[in-house]
Amino acid sequence: MERSSTAHVTYWNTGTRLLHWGMALTVSFQLLISLIMEQPKPGRVLTSTQALSFELHEWVGLAAVGVVIAHWVWSALLTRDDSGFRHLFPWDAKGRAKLLVELHQILRLQLPQGGPEGGLAGLVHGLGFLAVSVMAVTGAVLFFIYPKNGAETPFVGNVADLHSLIANLVWVYWYGHIGMALLHEILGHRVLARIFLLRR
């Protein structure tokens, strides 16, 4: 696959960069700590590591909820450029036209430009953001209703199952997101510096 040519390189605004840092750190932490975490169950004795990891998962999860809410507010109300909702959900005429152009580039084995100007990248970001949002909401609900002894009611069990299902989707997105960012970087698109560095 080859790099597509673009006329200019744009940078993410500072607010979006800070929120991306927040989501990258909290979501990555949540996914990774879930690998060693065990939730309370009747009759299950947790080790100190398992109990601590569950507590950390709960509290960092609440921090992730705060970041997600801030990101929704920022994207919907405060962003004045094309890196907000128009980037995440490119359903207007301009966004659809950009998506079609980029799909044609992919058919020609060209990787479309990432960053704020990317239509397909924006759509993928939007879908990932929706998945992370659902994971955060279900996690917040569980924080307040999950019984300390782990004796789940049917409602709690359904919310926990939905949380786990969405978490699996977020794992897939996490791997894909990192993989595509590295591919863009290899092809010279410099997406990592444009989203992670606070100074241009």
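These lines cover the structure that appears in this document, whether it is placed above or below. Remember, it's a predicted structure, so these values are computed and weren't measured experimentally. Each chain carries its own residue numbering, running from 1 in the written order of its sequence. Totals for whole chains, interfaces and linings use all residues, but because this is a predicted model, local features are given only for residues with pLDDT of at least 70 and pairs of side-chain atoms are given and counted only at 80 or more. Excluded from the side-chain calculation are hydrogens and water; included are all heavy atoms of the structure.

Looking now at the overall build of the protein. For the purposes of this entry, the term helix denotes a DSSP run of H or I that reaches at least four residues, the term strand denotes a run of E that reaches at least two, and both are numbered from the N terminus. Across its full length, the protein holds seven helices and two strands. Along the chain direction, N to C, the helices and strands of the protein fall in the order β-α-α-α-α-β-α-α-α. Remark: exposure states derive from per-residue accessible area (1.4 Å probe, protein chains only) relative to the maximum for the residue type, with buried under 20%, exposed over 50%, and partly exposed in between. The buried share of the protein, reckoned over its 200 residues, is 42%.

Turning our attention to the pattern of salt bridges. Here a salt bridge means any side-chain nitrogen of Lys or Arg lying within 4 Å of a carboxyl oxygen belonging to Asp or Glu. Evaluation of the coordinates by the stated rule reveals two salt bridges. Residues Arg 44 and Glu 38 are paired through a salt bridge, measuring 3.1 Å at the closest nitrogen-oxygen approach. Among the ionic pairs, Lys 41 bridges to Glu 152, the shortest N-O distance being 3.2 Å. Here Lys 41 is found in the loop between helix H1 (14-33) and helix H2 (48-78), whereas its partner Glu 152 is found in the loop between helix H5 (119-145) and helix H6 (154-186), with 111 residues between them in sequence. On the accessibility criterion, Lys 41 (29% relative accessible area) is partly exposed. Overall, Glu 152 belongs to the partly exposed group, its relative accessible area being 31%.

Here, axes are lines fitted to C-alpha atoms. For helices the fit covers the stretch in contact, and angles between N-to-C directions go from 0 to 180 degrees. One way to put it is that H2 packs onto H5 with a least axis distance of 9 Å and a crossing angle of 135 degrees. The pairing of H2 with H5 is recorded here as oblique in orientation. Seen along the crossing, H2 lies across H5 with a hand that is left-handed. In this structure, H2 contributes Glu 58, Trp 59, Leu 62, Val 65, Val 68, His 71 and Trp 72 to the contact, and H5 contributes Phe 129, Leu 130, Val 132, Ser 133, Ala 136, Ala 140 and Phe 143. Polarity classes work like this: nonpolar for Ala, Val, Leu, Ile, Met, Phe, Trp, Tyr, Cys and Pro, charged for Asp, Glu, Lys and Arg, and polar for all others, with Gly in that last group. Among the residues forming the contact of H2 with H5, the class breakdown is 11 nonpolar, two polar and one charged. Geometric relationships in this document are graded by angle, where less than 35 degrees denotes roughly parallel, more than 145 denotes roughly antiparallel, 65 to 115 denotes roughly perpendicular, and other angles denote oblique. The hand of a helix crossing depends on one turn: near helix anticlockwise from the far one by less than a right angle means left-handed, and clockwise means right-handed. In this analysis, two residues are considered to be in contact whenever any of their non-hydrogen atoms come within 4.5 Å of each other.

Okay, the packing of aromatic side chains next. Pairs were defined over the aromatic rings of Phe, Tyr and Trp, the Trp ring being its six-membered one, requiring ring centres within 6.5 Å. Orientation was assigned from the angle between planes: stacked under 30 degrees, edge-to-face over 60, tilted for the rest. Following the criterion strictly, the structure yields 10 aromatic pairs and no others. Ring geometry for Phe 54 versus Tyr 146: centroids 6.4 Å apart, planes at 50 degrees, classification tilted. Here Phe 54, found in helix H2, pairs with Tyr 146, found in the loop between H5 and H6; they are 92 residues apart in sequence, far enough to count as distant. Given a relative accessible area of 13%, Phe 54 falls into the buried group. For Tyr 146, a relative accessible area of 11% translates into the label buried. Seen in terms of ring centroids, Trp 171 and Trp 174 are 5.5 Å apart; in terms of plane orientation they differ by 85 degrees. Their pairing is edge-to-face. You can see Trp 171 and its partner Trp 174 sitting in helix H6, three residues apart, about one turn around the helix.

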